[in-house]
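Letter by letter, the chains look like this.
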Amino acid sequence: MTITALTLAGQPLLSPRRAQNIPKECSHHLASAMVSREGVMSVFPAAEGRIDHLVQPTNPNVAAMQEDVLYHFSLSTSTHDFPAMFGDVKFVCVGGSPTRMEAFAKYMAKELGLDHPGAEYPNICRGTDRYAMFKVGPVLSVSHGIGIPSTSIMLHELIKLLYHAHCSDVTVIRIGTSGGIGLKPGSVVITRQAVDASFKPVFEQVVLGKRVVQKTHLDEELAQELMQCALDLLEFPTVLGNTMCTSDFYEGQGRLDGALCSYTEKDKQKYLEAAHSAGICNIEMESSVLAAICGACSIPVAVVCVTLLNRLEGDQVSSPHEVLVEYQQRPQRLVSHFIKKRLAAARDPLNL
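Residues numbered from 1 in each chain as written. Predicted model: local features only at pLDDT ≥ 70, side-chain atom pairs only at ≥ 80, totals over all residues. Heavy atoms only, no water.

Asker: What is the right way to read the overall build of the protein chain from this model?
Answerer: When helices and strands are tallied, the protein chain shows 9 helices and 16 strands. Looking at the protein chain as a whole, 51% of its 352 residues are labelled buried. Intrachain contacts of the protein chain at a sequence separation of at least 6 include 77% that bridge at least 24 residues. Counting only carbon and sulfur atoms, one obtains 53% of the accessible surface of the protein chain, whose full area is about 17,000 Å². (Helix = DSSP H or I, 4+ residues; strand = E, 2+ residues; numbered from the N terminus. Buried < 20%, exposed > 50% of the residue type's maximum accessible area, 1.4 Å probe, protein only. Contact = heavy atoms within 4.5 Å. Areas by Shrake-Rupley, 256 points an atom, 1.4 Å probe, with all protein chains shown as cover.)

Asker: I'm lost on the packing of aromatic side chains in this one. Help?
Answerer: For any pair of aromatic rings, the description rests on two quantities: the centre-to-centre distance and the angle between the ring planes. Taken as a whole and assessed by the stated rule, the structure comprises 5 aromatic pairs. Look at phenylalanine 73 and tyrosine 131: their rings are 5.8 Å apart centre to centre, the planes differ by 85°, and that puts the pair in the edge-to-face class. Of this pair, phenylalanine 73 sits in the loop between strand E5 (69–70) and strand E6 (75–76) while tyrosine 131 sits in the loop between helix H4 (98–111) and strand E8 (133–136), and the two are 58 residues apart along the sequence. Judged by centre distance (5.9 Å) and plane angle (85°), the ring pair of phenylalanine 82 and phenylalanine 86 falls under edge-to-face. Linking phenylalanine 82 with phenylalanine 86, this pair stays in helix H3 (residues 82–86), spanning 4 residues, or about one helical turn. Accessibility classification places phenylalanine 82 together with phenylalanine 86 in one group, the buried group. Taking NZ or CZ as reference, arginine 255 lies 3.8 Å from the ring centre of phenylalanine 249, over its face. (Phe/Tyr/Trp six-rings, centres within 6.5 Å; stacked < 30°, edge-to-face > 60°. Lys NZ or Arg CZ within 6 Å of the ring centre and 35° of its normal.)

Asker: Quick question: what am I supposed to make of the packing of H4 against helix H9 (residues 321–345) here?
Answerer: The axes of two packed helices give the description: the angle between them and the distance between them. Across the interface, H4 lies against H9 with an axial gap of 11 Å and an inter-helix angle of 40°. Of the possible angle classes, the one that applies to H4 and H9 is oblique. The two elements H4 and H9 meet at a crossing, and its hand is right-handed. In this structure, H4 uses Arg100, Ala103, Phe104, Tyr107, Met108 and Glu111 to contact H9, whose residues at the interface are Gln328, Gln332, Arg333, Val335, Ser336, Ile339 and Lys340. Each residue belonging to the contact of H4 with H9 can be placed in one class, and the counts come to 6 nonpolar, 3 polar and 4 charged. (Axes fitted to C-alpha atoms, helices over the stretch in contact; angles between N-to-C directions. Parallel < 35°, antiparallel > 145°, perpendicular 65-115°, else oblique. Left-handed = near helix turned anticlockwise from the far one by under 90°. Nonpolar A, V, L, I, M, F, W, Y, C, P; charged D, E, K, R; others polar.)

Asker: I'm lost on helix H8 (residues 287–296) in this one. Help?
Answerer: Side chains of residues three or four places apart in an α-helix project in the same direction, reflecting 3.6 residues per turn. Burial of H8 is extensive: 8 of the 10 residues sit out of reach of the surface. All of the buried residues along H8 are Ser287, Ser288, Val289, Leu290, Ala291, Ala292, Ile293 and Cys294. Downstream of H8 by one or two residues, serine 298 has phi in the positive range, about 60°.

Asker: Help me understand helix H6 (residues 220–233) in this model?
Answerer: The first and last C-alpha atoms of H6 sit 20 Å apart over 14 residues, in line with the 20 Å expected at 1.5 Å per residue. Three or more residues of H6 are buried, namely Leu222, Ala223, Leu226, Met227, Cys229 and Ala230. One side of H6 carries all its buried residues, which in axial view fall inside an arc of 155°. Contacts from the buried residues of H6 go to strand E10 (171–180), strand E11 (188–195), strand E14 (238–245), strand E16 (301–310) and H9. One side-chain oxygen at the N-terminal end of H6 lies 3.1 Å from the backbone nitrogen of glutamate 221; it belongs to aspartate 219. Where H6 ends, the next residue or the one after it, leucine 234, has phi of about 50°, a positive value. (Expected span 1.5 Å × (residues − 1). Arc of directions from axis to C-beta. Polar contact = N/O pair within 3.5 Å; in protein donor to acceptor, adjacent residues only side chain to side chain.)

Asker: Looking at this model, I keep getting lost on unusual backbone geometry. Mind explaining?
Answerer: For residues that are not glycine, phi is negative in most cases, and the peptide bond is trans in most cases. Not every positive phi belongs to a glycine, and histidine 166 is a case in point at roughly 60°. Within the element layout of this structure, histidine 166 appears in the loop between helix H5 (148–164) and E10.

Asker: Please explain the nonpolar core as it appears in this structure.
Answerer: With 42 residues, the main nonpolar core has Phe73, Phe86, Val92 and Leu161 as its most contacted residues. If one sorts the elements of this core by residue count, H5 sits on top with 7 residues. Setting aside chain neighbours within four positions, we find phenylalanine 86 in contact with Leu75, Ile124, Met133, Lys135, Leu140, Leu161, Ala165 and Cys167. Among the nonpolar cores identified, the runner-up in size contains 30 residues, and Ile173, Ile175, Val304 and Tyr327 belong to it. (Core = buried A, V, L, I, M, F, W, Y, C linked by side-chain atoms within 4.5 Å.)

Asker: Teacher, can you tell me more about the packing of H6 against H9 here?
Answerer: Relative orientation of the contacting elements H6 and H9 amounts to 105°, with a least axis distance of 9 Å. Classified by the angle their axes make, H6 and H9 are roughly perpendicular. Residues Leu222, Glu225, Leu226, Gln228, Cys229, Ala230, Asp232 and Leu233 of H6 form the contact with H9, whose own contacting residues are Arg333, Leu334, His337, Phe338, Lys341 and Arg342. Classifying every residue of the contact of H6 with H9 by side-chain character gives 7 nonpolar, 2 polar and 5 charged.

What follows is the structure, encoded as structure tokens:
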């Protein structure tokens with residue numbers, strides 16, 4: 001079926017002009033989103049009495065913009081039909097590596113029964129080298145780079161993308177890697193609370209020269225739901241605990257192997273043991289900004305990371321490549337199981 005052949009109540013969903021603006025890689029997803037003059041009619045049947053929660057930025061300026069250029073995604077509301085391309089998105093999975101997020105998209109295609117011989121999953125953001133984005137049915141897989149600044153930029157444009165697409169009831173999950181504290185390598189941590197390097201549940205930044213502090217609460221029900229999925233699988237050790245988010249990989253995480261080091265090994269061990277006593281299970285560099293920005297926009301968000309090493313025993317990741325590859329697949333398998341359970345509970349629209 002071609003894009004222009006899709007109709008709703010006998011009327012074309014898109015004009016020929018708007019259909020031309022949809023990249024080829026997104027055309028085969030259009031059938032899962034029905035576009036009306038008012039926006040997107042979700043293919044997920046709403047439960048009786050339930051109100052769909054549309055993604056909504058807190059910035060009132062966005063709604064007044066005639067054109068919104070998502071520069072770092074190489075997308076624009078004047079050249080792309082966001083409702084047609086993304087209107088059926090219900091799950092956004094983000095991770096640091098473009099390669100890993102492409103692999104996750106291909107994995108989800110197989111898990112959801114959408115894969116077929118010769119299938120291709122082109123990068124929707126191919127016009128830029130900043131981020132990579134792949135779409136499989138209701139799942140959007142996006143890379144965020146390393147650290148808070150890169151993740152923050154991605155989130156601003158992602159939330160605006162979902163808003164312009166009229167998406168509702170979206171769940172965001174980070175799937176990534178981390179350094180464990182007191183955990184065996186390969187353990188998966190579902191974050192209960194994101195904390196900063198002082199063990200406080202806050203995200204701090206400077207806005208117009210003033211210090212702004214935001215809370216970093218993650219969705220507790222979502223975390224528990226993911227934990228239940230881990231219990232369903234019983235494939236690898238999984239814990240629910242706090243995650244420390246830092247702004248640096250080396251000194252910011254108390255490593256002894258960076259180009260700079262202003263403390264002793266004894267200082268390092270004391271700090272990591274204090275973190276462990278505070279309920280911190282792992283360390284990474286993105287969870288706090290995810291919690292702060294998604295929380296501010298009332299988007300349920302979770303963080304699921306595998307540990308590549310136990311930081312109480314060392315600083316360098318030394319496991320063989322094939323072992324690390326398998327470790328990195330563990331959060332993907334857990335989140336895939338979660339998505340399939342959610343879809344089944346919603347009477348999976350992929351089978352309608």
